[in-house]
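# Geometric and topological summary
What follows is the residue order along each chain.
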Amino acid sequence: MTNLTLIQAVNQALQQEMKRDPTVMVLGEDVGKNGGVFRATEGLWQAFGDERVVDTPLAESGIVGVSLGLAVNGFKPVAEIQFDGFLAPAFDQVISHVGRIRNRSRGRFHAQLVIRVPYGGGIHAPEHHSESPETYFVHTPGIKVVIPSTPYDAKGLLLAAIRDPDPVLFFEPKKIYRAFRQEVPETDYTIPIGKARLVKQGHDITVIAWGAQVRTAEQAVVQAKVDADIIDLRTLSPLDTDTVINSVTKTGRCVIVQEAPKTCGLAAEVIARINERALLSLEAPVARVTGFDTVMPLSRLEDSYLPSPERVVKAIKKTMEF
Amino acid sequence: MPRKTLATFRVSSLSILDAAGKVDPNLDPKLPAKTLQQMYSLMVLARVFDDKAIALQRQGRIGTYAPVKGQEACQVPSALQLTKGDWLFPAFREAAATIAFGIPPERLLQYWGGDEQGSKCAADKNLFPVSIPVGSHMLHAVGASWAAKLRKEKAIALTYFGDGATSEGDFHEAMNFAGVFKTPTIFLCQNNQWAISVPRERQTAAASLAQKAIAYGIPGMQVDGNDMLAVYVATKEAIARARAGEGPTLIECFTYRIGDHTTSDDATRYRTNKEVASWKKKDPIDRVRTYLSANNMWDENQEKQLQLNTAAQLDKIVQAYETFPKPKINDMFDYLYAQPTQELVQQKQELTS
């Protein structure tokens, strides 16, 4: 058992899985000798060599398209897209091919691959380096979307993602890459994809978040002095609806914290599912604290865009007092 | 520093069997009569299949179809040279290649007839499903052939695309990856002069598409795409290089799309009958028959027999297509994931209960 940061946990998962399974490959921009711009792949190239840890040309569509080809012919690529904003050039490959190949070949081919993406704001990065594009992929059939929020989960979920027979978009909240440490076992363990985590149990209200916003939710619950269920969704697709419904049925109140823009974000889908299955348990309208329908601002306005504990506290209070 | 020449390049083209059916004796690959007859027969089958598919679309028995007429010589001699374990990545106009690769033609009708089951090839055939988003599939060919190379297998990938695809970004990325990692990939561009209504001149200012290979550090050449022997030889050389670990090749087959872009298109809106007529004189099938007949490898009886056999085969193909079971509603839910999600199970239940 070692105390690791989230990025160290990602690195350990990659190290261990590459050692265990010779068909696992890592490919992307600067992932080799340089160990990735965030150092997620540090030491892999030295340990596994050029053929398994591949610095590719600077071409995101190429990285994902070629990964699909490798996957249908027996490899398990773990592709790194360097920053969230650079996922856009690969969007066509993900939605037109990666998410569809099992279906359109009626099971003859499938894509066992992981696309790792450092995502989200809060690190004062340049333009196109602070995006939260997860909803596009949740909306896309045939792929899974996973977002860890702790080092322990990062390792277990990444190992599960690499072993999952279906393609996984694995978003890593870069704001908390090194924000805190947690005990992470060196042993091999997985966390099931599709299961949310109950961060804390309470009775009065359900607060739902994912990625870096789990920390925001936790801080807000302390500040608001409420007895809350806090749910970290962990997997956005497929969504763990049962955990959400069980909690909301119990508490009757819910606030969802989402970093991405408001309109058509995942919070909207969670609210729709609560309406479908728990409407009569509600004591108040479900509230959401989200980013805005604006372009992600540059660093000086970034904190005004991101959900803050204060905004979440306000929503909690309003929901409690309704 | 003075100005100096860093590199000079040559772009070559190859033609062996001319439009009149005359072979260049210096370039003749001297293939066995049996091989020539097999390729000829497959091209004839592809041609009648194509006509039939259009007829079936007109009768409402299949949906939109993309005809291959005129491009048979680009596809049959190349796909026929693939062996067990090799991969074929078609675009969407590859009926002739698919048939030459050994896929039952009724599967093509099943796909164009609106059933994804048609894209499920047998376990011993590595045929990727048709790729409609232009140019996006070449990357998959690079990846699959790279995987074979990493495992030190001899398998290669052959991918077909058109002149329009060379304008797509993914063409660049695929050629570039293939060059950098020296993957055993054959890029076979069928320059049929038209991307729906946009002529080849609007795709690039370059004098040829073959020369695009130069920028990626890989061999590229142009061949007469209506010349079965030229395509055969160029592909054979490229496959040999790929299997020997010498990397990818771009082959530009200079050809012509005789038919409409698809059964939904009307090509008379953008090109002249005169142009089409001039290309019909360069028909890829007629010239082979002339050549074979003139060299005592084919006679009227054989031709008559082939026509009869092909017609009978075509009847069986259509019959096989029309007796496929209808797709089940379950099919649209059951192949999204290895295990269906809870949400999909519920949605399927909603639709079927």
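Each value, and the rule that gives it
Note on numbering: residues in each chain are counted from 1, in written sequence order. Lettering for chains starts from A, numbering for ligands starts from 1, and both go in the order in which the items are written. Totals for whole chains, interfaces and linings use all residues, but because this is a predicted model, local features are given only for residues with pLDDT of at least 70 and pairs of side-chain atoms are given and counted only at 80 or more. In computing side-chain values, all of the structure's heavy atoms are included and hydrogens and water are not. A run of DSSP states H or I qualifies as a helix once it reaches four residues; a run of E qualifies as a strand once it reaches two. Both are numbered from the N-terminal end. Radius of gyration here is computed from C-alpha atoms only, and the compact-globule reference equals 2.2 Å multiplied by the residue count raised to the power 0.38. Only protein chains enter the area calculation, which uses a 1.4 Å probe; residues under 20% of their type maximum are buried, those over 50% are exposed, and those in between are partly exposed. Accessibility throughout is a Shrake-Rupley quantity obtained with a 1.4 Å probe, and a residue counts as covered only by protein chains that appear here. Under this rule, positive means Lys or Arg and negative means Asp or Glu; His and the chain ends count for nothing. In this description, the location of a charge corresponds to atom NZ of lysine, CZ of arginine, CG of aspartate or CD of glutamate. Every residue pair with non-hydrogen atoms within 4.5 Å of one another is taken to be in contact. What counts as buried area is the accessible surface, traced by a 1.4 Å probe, that two parts surrender upon association, with contributions from both included. Any Lys or Arg side-chain nitrogen located within 4 Å of an Asp or Glu carboxyl oxygen qualifies as a salt bridge. In protein, a polar contact requires one atom able to donate a hydrogen and another able to accept it; more generally it is a pair of N or O atoms within 3.5 Å, and residues adjacent in sequence count only if both atoms are side-chain atoms. The pairing criterion for strands is at least two bridges between them, as found by DSSP. If the strands point away from the viewer and the path from the first strand over the helix to the second runs clockwise, then the crossover is right-handed. Start and end points for every domain follow an automatic or database-based domain assignment. Aromatic contacts are taken between Phe, Tyr and Trp rings whose centres are within 6.5 Å, Trp giving its six-membered ring; a plane angle under 30 degrees counts as stacked, one over 60 as edge-to-face, and the others as tilted. When the NZ atom of lysine or the CZ atom of arginine is within 6 Å of a ring's centre and also within 35 degrees of its normal, the charge is said to sit over that ring.

### Concerning the overall build of chain A
The helix and strand inventory of chain A stands at twelve helices and 14 strands. Relative to its length of 322 residues, chain A is compact, with a C-alpha radius of gyration of 19 Å against a globular reference of 20 Å. Seen through its C-alpha atoms, chain A measures out along the principal axes to roughly 60 × 40 × 40 Å. Out of the 322 residues belonging to chain A, those deemed buried represent 64%. When the accessible area of chain A is evaluated, it comes to approximately 12000 Å², of which 52% is carbon and sulfur surface. Distance from the positive charge centre (36 side chains) to the negative charge centre (38 side chains) of chain A: 3 Å.

### Quick notes on the overall build of chain B
Scanning chain B from terminus to terminus reveals twelve helices and nine strands. Here the C-alpha atoms of chain B give a radius of gyration of 21 Å, agreeing with the 20 Å that 2.2 N^0.38 yields for 353 residues. Across its three principal directions, the C-alpha atoms of chain B cover 75 × 65 × 45 Å. In chain B, buried positions account for 54% of the 353 residues. Sequence separation of at least 24 residues holds for 75% of the intrachain contacts in chain B that already meet a minimum separation of 6. Accessible surface, chain B as shown: approximately 16100 Å² in total, 52% of it carbon and sulfur. Computing the positive centroid from 41 side-chain charges and the negative centroid from 38, chain B places the two 4 Å apart.

### Re the interface of chain B and chain A
The partner chain A presents 45 residues to the 44 residues of chain B that form the contact. On the chain B side of the contact with chain A, Phe177, Tyr335 and Tyr337 of chain B bury the most area, a combined 17% of that side's loss. A salt bridge links Glu343 of chain B to Arg273 of chain A; the shortest N-O distance between them is 3.5 Å. Put simply, chain B and chain A have 23 residue pairs in polar contact (both at pLDDT 80 or more) between them. Here the element with the most residues in the side of chain B that touches chain A is helix 5 (residues 138–150) of chain B; it accounts for nine residues.

### Here's the deal with the pairing of strand 13 (residues 254–258) of chain A
For a regular strand, side chains alternate in direction, first toward one face of the sheet and then toward the other. All names here are of chain A. Of all five residues in strand 13, five are buried; the element is thus mostly enclosed. Both faces of strand 13 are covered, namely the face carrying Cys254, Ile256 and Gln258 and the face carrying Val255 and Val257. Relative to strand 13, strand 10 (residues 205–209) runs parallel, the two being bridged by three bridges. Considered in strand 13, the bridge of Ile208 is made with Ile256. Pairing of strand 13 with strand 14 (residues 287–290), which is carried by four bridges, proceeds in the parallel orientation. Each residue of the ladder has a partner; that of Ile256, found in strand 14, is Arg288. On the question of chirality, the crossover connecting strand 13 to the parallel strand 14 by way of helix 10 (residues 266–278) is right-handed.

### Quick notes on the domain arrangement of chain A
Residues and elements named next belong to chain A. According to the domain assignment, chain A consists of domain 1 (2–184) and domain 2 (197–321). Each of domain 1 and domain 2 was reduced to a C-alpha centroid, and the two centroids are 26 Å apart. In this complex, domain 1 contributes 29 residues to the contact, which on the side of domain 2 involves 23 residues. Roughly 2000 Å² of surface becomes buried between domain 1 and domain 2 when both sides are summed, with 55% attributable to carbon and sulfur atoms. Joining domain 1 to domain 2, the criterion identifies two salt bridges. Across the pair Arg234 and Asp153 runs a salt bridge, and its minimum N-O distance is 3.3 Å. Inspection of the region where domain 1 meets domain 2 yields eleven residue pairs in polar contact (both at pLDDT 80 or more). Sorting the residues of the side of domain 1 that touches domain 2 by element identifies helix 6 (134–138), strand 6 (144–146) and helix 7 (151–163) as the ones contributing at least two each.

### Remarks on the packing of aromatic side chains
In this structure the tally under the stated criterion is 25 aromatic pairs over all chains. Relative to Phe128 of chain B, the ring of Phe109 of chain A lies with its centre 5.1 Å away and its plane at 45°, an arrangement referred to as tilted. You can see Phe109 of chain A sitting in the loop between helix 5 (101–104) and strand 5 (114–119) and its partner Phe128 of chain B sitting in the loop between strand 3 (126–127) and helix 5, one on each of two chains. Like Phe128 of chain B, Phe109 of chain A is buried. Ring geometry for Tyr40 of chain B against Trp298 of chain B: centres 5.2 Å apart, planes inclined by 75°, an arrangement best described as edge-to-face. In this pair, Tyr40 of chain B sits in helix 1 (residues 33–58) while Trp298 of chain B sits in the loop between helix 9 (284–294) and helix 10 (300–322), placing the two residues 258 residues apart along the sequence. The exposure class of Tyr40 of chain B is buried, given its relative accessible area of 0%. Looking at Trp298 of chain B, the relative accessible area reads 10%, which means it is buried. Here the aromatic residues Phe91, Tyr119, Tyr136, Phe137 and Phe171 of chain A are joined through ring pairs into a cluster of three or more. Sitting over the ring of Phe101 of chain B, Lys125 of chain B keeps its end group 5.1 Å from the ring centre.

### Regarding the side chain of Asp240 of chain A
All names here are of chain A. Position of Asp240 among the secondary structure elements: in the loop between strand 12 (235–237) and helix 9 (241–251). Despite being buried, Asp240 has no salt bridge partner; Lys195 is the closest side chain of opposite charge, sitting 5.1 Å away. From its side chain, Asp240 meets the backbone nitrogen of Ala196 in a polar contact 2.8 Å long. Those residues within four positions of Asp240 in sequence are excluded, and the remaining contacts are Gly194, Lys195 and Ala196.

### Some words on the sheet that holds strand 5 (residues 185–191) of chain B
Strand pairing in a sheet relies on backbone hydrogen bonds. The paired strands run either parallel or antiparallel. With parallel pairing, the seven strands of this open sheet are ordered in space as 1-8-9-5-4-2-3 (chain B). Of all the strands in the sheet, the pair left with one neighbour each is strand 1 (13–14) and strand 3 of chain B.

### With respect to the domain arrangement of chain B
Domain assignment breaks chain B into domain 1 (13–322) and domain 2 (329–353). Its C-alpha centre places domain 1 of chain B at a distance of 37 Å from the equivalent point of domain 2 of chain B.

### Considering the environment of Glu72 of chain B
All names here are of chain B. With respect to the helices and strands, the residue Glu72 is situated in helix 2 (residues 72–79). Along the primary structure Glu72 and Arg47 are separated by 25 residues, whereas in three dimensions their C-alpha atoms are 7.5 Å apart. Apart from the residues within four sequence positions on either side, Glu72 is in contact with Met43, Ala46, Arg47, Pro77, Ala96, Pro284 and Ile285. Here the side chain of Glu72 touches Arg47 through a polar contact of 2.6 Å, side chain to side chain.

### So, the pattern of salt bridges
Residues and elements named next belong to chain B. Counting across every chain of the model gives 29 salt bridges over all chains. A salt bridge links Glu322 to Arg61; its shortest N-O distance comes to 2.9 Å. Linking Glu322 in helix 10 with Arg61 in the loop between helix 1 and helix 2, this pair joins segments that are 261 residues apart in sequence. On the basis of relative accessible area, Glu322 is assigned to the partly exposed category, the value being 42%.

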